[in-house]
Amino acid sequence: MSTVLSAETLSAAPLSSATLWSGHADGRELEHWSAVAQTVAAELAAGALERDNSGEDPLEALELLRAHGLAGLVVPAAYGGAGAHWETAVRVIRILARADASVAQILGYHYLNSSCLAFYGAGRDQSAWFRRIAEQDQLWSDALNPVDP
């Protein structure tokens, strides 16, 4: 069951992909996704210590993120994502980090990596990549050094 609201529902003037990373998020968008994050955080908190202690991949936790629409949060709505603002993504990460910092870090890297499509792929057609994230609920995560050239 997905809790994703469409960009049209959240705002009379949906955010375009060009504005997802500038300005501020719509208040209704922040409220909605904060509530989703609180719900997910409550579920994550129950097993966070066990997940960290086990050292196993948090596959069930990642499925929880997908089930609540968080994988496609910053994917522009035109490509099937929620089209949420970067400010919203940061708030979601902060809420989740209070419950399970490791899972929140994975999601944070996913948002950064998927947003790099827009930052570093400017002038190129990135629609297939964004659509793939949205349609397959992909989570892209790794570690990177943001000061690398």
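Refer to the preceding data block for the structure.
Residues numbered from 1 in each chain as written. Predicted model: local features only at pLDDT ≥ 70, side-chain atom pairs only at ≥ 80, totals over all residues. Heavy atoms only, no water.

Participant: Is there a simple way to think about the pattern of salt bridges in this case?
Facilitator: Scanning the entire structure with this criterion turns up three salt bridges. Arg 28 serves as the salt-bridge partner of Asp 26, at 3.7 Å between the closest nitrogen and oxygen. Judged by relative accessible area, which is 23%, Asp 26 ranks as partly exposed. A residue is classified by how much of its surface remains accessible, and Arg 28, at 46% relative accessible area, is partly exposed. (Salt bridge = Lys/Arg side-chain N within 4 Å of Asp/Glu carboxyl O. Buried < 20%, exposed > 50% of the residue type's maximum accessible area, 1.4 Å probe, protein only.)

Participant: Could you clarify how one ought to interpret the nonpolar core in this entry?
Facilitator: Membership of the largest hydrophobic core comes to 27 residues, with the highest contact counts inside it found for Leu 70, Val 92, Leu 96 and Tyr 111. Breaking this core down by element, the ones donating at least two residues are α2 (27-45), α4 (59-67), α5 (86-99) and α6 (101-120). The contact partners of Leu 96, leaving out residues within four places of it in the chain, are Ala 37, Val 40, Ala 41, Leu 44, Leu 65, Leu 70, Ala 101, Ala 104 and Leu 107. Counting six residues, the second-largest nonpolar core is a separate cluster that includes Leu 117, Phe 130, Ala 134 and Trp 140. (Core = buried A, V, L, I, M, F, W, Y, C linked by side-chain atoms within 4.5 Å. Helix = DSSP H or I, 4+ residues; strand = E, 2+ residues; numbered from the N terminus. Contact = heavy atoms within 4.5 Å.)

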